[in-house]
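An overview of the molecular structure
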Amino acid sequence: MPVESGSNAASRQAKQKRKSHSLSIRRTNSTEQERSGLQRDLLEGQDSKLPMSLRNNLLDLFGQIEREFENLYIENLELRREIETLNDRLAADGQTIEGGDLAKGALKTKASHSTSQLSQKLRTTYKASTSKIVSSFKATTSRAVCQLLREYAGHRDGIWDLSVSHTQPMVLGTASADHSAMLWSIETGKCLLKYVGHQGSVNSIKFHPTEQMALTASGDQTAHIWRYMVQLPTPQPVADVTQPPPPPAYEEDGELSDREEPDGEGEGPSECPSVRAPATTLRSHQGVVIAADWLVGGKQVVTASWDRAANLYDVETSELVHSLTGHDQELTHCCTHPSQRLVVTSSRDTTFRLWDFRDPAIHSVNVFQGHTDTVTSAVFTVGDNVVSGSDDRTVKVWDLKNMRSPIATIRTDSAVNRISVSVNQRVIALPHDNRQVRLFDMSGVRLARLPRSNRQGHRRMVCCTAWCEDSAPCNLFSCGFDRQAIGWNINIPALLQEK
């Protein structure tokens with residue numbers, strides 16, 4: 001009578017187990033409808049303020065999560081059974097090796113070694129798959145403490161850009177699509193001054209490094225330099241964000257209701273003094289001026305336009321010094337180095353360019369290629385790094401000494417707008433189209449996501465972020481198309497800053 005080998009018996013046993021297990025899966029699927037109907041009946045019997053349609057949607061989503069988890073659990077059980085079957089085969093092979101001759105024993109030892117490697121791979125796969133399942137249910141831990149401190153509301157349209165002044169008294173500046181720029185008290189949130197000299201959307205605002213002057217770029221194809229004098233009001237206690245005021249009216253998706261939006265004259269800081277004429281007007285662009293910035297020292301400024309050129313102007317004479325051409329499509333941003341005569345320009349042609357004016361006789365240019373969509377902004381850090389953000393949902397950190405490839409890449413789930421980098425903390429703040437603001441270190445490690453809900457945070461696209469390196473309570477600001485700017489307090493542990 002032939003004797004069945006151990007490997008054949010083990011394989012037949014595994015098939016029987018899988019067959020019985022598939023029967024249990026069919027039983028589980030057959031009872032899903034009964035279970036979901038029972039859960040729906042229980043849910044309808046409970047008291048809740050949620051609409052019935054929303055409750056039904058939540059129940060369906062939870063049911064899908066449960067079914068997905070059950071499928072993963074069943075797959076893990078299958079893997080465990082296969083591992084047990086392989087272990088049985090390894091034990092049987094080990095017994096045959098002991099009774100054989102040396103030559104056959106050596107061959108079987110090699111086969112057993114290869115089988116053990118396969119078993120080890122299966123064990124590793126099983127552990128990795130289960131760890132992924134568990135980690136997906138863990139809460140994301142934040143490495144920084146973020147708190148909303150102040151809201152700055154008064155614009156009648158979306159806010160494109162904002163920045164913090166470098167001189168005392170320190171103020172916050174915002175540039176809006178409502179054709180105006182505003183200066184705000186950081187401590188109180190009160191509007192101190194309103195600039196209304198532009199005839200188009202104000203797309204950016206930057207402050208002079210040593211004087212009380214502001215530089216604004218506009219859709220009217222000009223850039224304006226204007227002076228300001230403000231007096232700070234008496235500081236008020238910081239609002240308790242744990243008990244925020246009642247929120248404005250929302251549509252079902254969480255955005256502002258059009259019925260509650262101001263019609264133009266009924267909102268805004270009407271008592272705020274205004275400046276109507278610039279000290280200097282910079283002309284020569286043939287398209288929208290999308291951004292402008294001061295070069296180190298404040299004697300020259302650079303502007304970026306949709307006419308695919310960036311212009312360098314002399315502030316005192318308002319004359320055009322250089323026209324920087326080379327981009328194939330519209331420019332989206334420009335930024336200057338804080339201590340050197342370097343300029344970086346971003347464009348819709350998926351590149352950004354570094355312009356070097358340190359040598360008056362030679363003006364070199366370097367092209368950075370690494371994004372697959374519009375480069376929305378590129379900014380300098382204190383060292384020899386440039387950080388670029390793009391509509392391709394990535395942020396890249398570059399070394400100016402090695403421009404071939406980035407030294408770090410941050411991948412996100414939404415397009416990135418005008419980013420900013422903290423000089424003191426070396427932290428990158430990313431504003432997104434999906435209303436989120438995320439913080440990363442220079443190595444690409446995520447530190448935090450700023451809180452956002454129906455009661456606090458942005459309710460529409462976040463356009464820009466700006467850091468305040470002073471010791472003020474608000475050290476990060478963000479603005480968006482919900483017509484408000486927000487002041488945040490970001491507390492990052494010293495250990496993370498050292499990294």
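Residues numbered from 1 in each chain as written. Predicted model: local features only at pLDDT ≥ 70, side-chain atom pairs only at ≥ 80, totals over all residues. Heavy atoms only, no water.

1. What about the overall build of the protein?
Here is the rule: Counting from the N terminus, the helices are the DSSP runs of H or I reaching at least four residues and the strands are the DSSP runs of E reaching at least two. We call a residue buried when its accessible area falls under 20% of the maximum for its residue type, exposed when it is over 50%, and partly exposed in between, using a 1.4 Å probe and counting protein chains only. In this analysis, two residues are considered to be in contact whenever any of their non-hydrogen atoms come within 4.5 Å of each other. The method behind every accessible area is Shrake-Rupley, applied with a 1.4 Å probe, and residues are considered shielded solely by the protein chains displayed.
The secondary structure content of the protein amounts to five helices and 29 strands. Per-residue burial for the protein yields a buried fraction of 44% across its 499 residues. Taking all contacts inside the protein whose residues are at least 6 apart in sequence as the whole, residues at least 24 apart take part in 52%. Counting every atom, the protein has about 26700 Å² of accessible surface; 50% of that belongs to carbon and sulfur.

2. Things to note about the environment of S405
Among the secondary structure elements, S405 is positioned in the loop between β21 (394-399) and β22 (408-411). Residue class for S405 comes out partly exposed when judged on its relative accessible area of 39%. Sequence separation between S405 and G370 is 35 residues; the distance between their C-alpha atoms is 7.3 Å.

3. Focus: the sheet that holds strand β15 (residues 331-336)
Under the convention used in this document: For two strands to be treated as a pair, DSSP must find no fewer than two bridges joining them. Only the stretch in contact is used when a helix axis is fitted, and all axes are lines through C-alpha atoms; the angle between N-to-C directions ranges over 0 to 180 degrees.
Pairing is antiparallel in the open sheet, where four strands are placed in the order β15-β16-β17-β18. Pairing within the sheet leaves two strands with one partner each, and these edge strands are β15 and β18 (362-369). Ignoring which end each strand starts from, the neighbouring axes of this sheet average 20 degrees apart. As judged from the seven bridges shared by strand β17 (residues 351-359) and β18, these two strands associate in the antiparallel manner. When the bridges of β18 are listed, W355 appears paired with V365.

4. Comments concerning the nonpolar core
Generally speaking, nonpolar side chains in soluble globular proteins are found buried as a group. Rules: To qualify as a nonpolar core, a set must consist of buried Ala, Val, Leu, Ile, Met, Phe, Trp, Tyr and Cys residues joined through side-chain atoms within 4.5 Å.
Of all hydrophobic cores here, the largest spans 25 residues; its most connected members are F352, F380, V387, I428 and L430. Elements supplying a minimum of two residues to this core: β16 (342-347), β17, β19 (375-380), β20 (385-390), β21, β22 and β24 (427-431). With four residues, the single largest contributor to this core is β19. For L430, the residues in contact, after removing those within four places along its chain, are V395, I410, T412, V416, I419, Q436, V437, R438 and F440. Within the second largest apolar cluster, 19 residues are counted, among which are M182, C272, C468 and C479.

5. Some words on the sheet that holds strand β23 (residues 420-421)
Taken in spatial order, the four strands make up an open sheet running β23-β24-β25-β26, and their pairing is antiparallel. Every other strand in the sheet has two partners, leaving β23 and β26 (446-449) as the edge strands with one partner each. Across two bridges, the pairing between β23 and β24 is antiparallel. Residue pairing across strands places V421 opposite I428, the latter belonging to β24.

6. Thoughts on the side chain of T336
Convention followed: Counted as a polar contact is a pair of N or O atoms within 3.5 Å, where, for protein atoms, one must be capable of donating a hydrogen and the other of accepting one, and residues adjacent in sequence contribute only when both atoms are in side chains.
By the element assignment, T336 lies in strand β15. There is a polar contact of 3.1 Å between the side chain of T336 and the side chain of D293. Here W294 takes part through its backbone oxygen, which lies 2.6 Å from a polar atom of the side chain of T336. Each residue touching T336, except ones within four places of it in the same chain, is listed here: D293, W294, L295, V302, L342, V343 and F380.

7. Focus: the side chain of N203
Inspection of the secondary structure puts N203 in strand β6 (residues 202-207). For N203, the side chain forms a polar contact with the side chain of S201, separated by 3.0 Å. Those residues within four positions of N203 in sequence are excluded, and the remaining contacts are W160, D161, A175, A217, S218, G219, V288, V289, I290 and R418.

8. Overview of the packing of aromatic side chains
The condition that has to hold: Between rings of Phe, Tyr and Trp, where Trp is taken as its six-membered ring, a pair exists when centres lie within 6.5 Å; planes separated by under 30 degrees are stacked, by over 60 edge-to-face, and by other angles tilted.
Following the criterion strictly, the structure yields nine aromatic pairs and no others. Relative to Y228, the ring of F207 has its centre 5.8 Å away and its plane inclined at 75 degrees; by these criteria the two rings are edge-to-face. Note that F207 is positioned in strand β6 and Y228 in the loop between β8 (223-227) and β9 (274-275), a separation of 21 residues in sequence. Pair check on accessibility: F207 and Y228 agree, each one buried. Aromatic pair W226 and Y228: ring centres 6.4 Å apart, planes at 65 degrees, arrangement edge-to-face. An aromatic cluster of three or more residues is present, and its members are Y195, F207, W226 and Y228.

9. What to know about the environment of A291
Position of A291 relative to the elements: it lies in strand β11 (residues 289-294). Sequence separation of A291 and T216 is 75 residues, and the distance between their C-alpha atoms is 7.7 Å. With residues up to four places along the chain from it excluded, the contact list for A291 reads S204, A217, V302, T303, A304, H333, C334 and R418.

10. A few points about a nonpolar patch on the surface
Condition: Each patch groups residues whose relative accessible area exceeds 30% and which form no salt bridge, using 9 Å between like charges and 5 Å between nonpolar side chains of Val, Leu, Ile, Met, Phe, Trp and Tyr. Whenever Lys or Arg places a side-chain nitrogen within 4 Å of a carboxyl oxygen from Asp or Glu, that contact is recorded as a salt bridge.
The grouping of L50, L54, L58, L61, F62 and I65 at the surface amounts to a nonpolar patch, some 530 Å² of accessible area in total. You can see L58 is positioned in helix α3 (residues 52-99).

11. Concerning the confidence of the model for the protein
Any region with low pLDDT has predicted coordinates that should not be read closely. Cut-off, in case you're wondering: Confidence of the predictor at the level of single residues is given by pLDDT, which spans 0 to 100.
On average, residues of the protein score 80 in pLDDT, and 72% of them reach the 70 mark or higher. Note that pLDDT drops below 50 for residues 127-141; the model gives that stretch eight contacts with residues more than four away or on any other chain. Between residues 241-268, whose pLDDT stays under 50, and residues either more than four places distant or in other chains, the model counts 43 contacts.

12. Overview of the pairing of β16
When a strand is regular, its side chains alternate between the sheet's two faces. Burial of β16 is extensive: six of the six residues sit out of reach of the surface. The alternating pattern of β16 places L342, V344 and S346 and V343, T345 and S347 on opposite faces, both of which are buried. Pairing geometry for β15 and β16, over five bridges, is antiparallel. Within β16, the residue paired with C335 across the bridge is V344. Bridge count between β16 and β17: five bridges; the pairing is antiparallel. The residue of β17 that forms the bridge with S346 is F352. Taking the residues between adjacent antiparallel strands as the criterion, β16 and β17 are bridged by three residues, where T350 takes a positive phi near 70 degrees.

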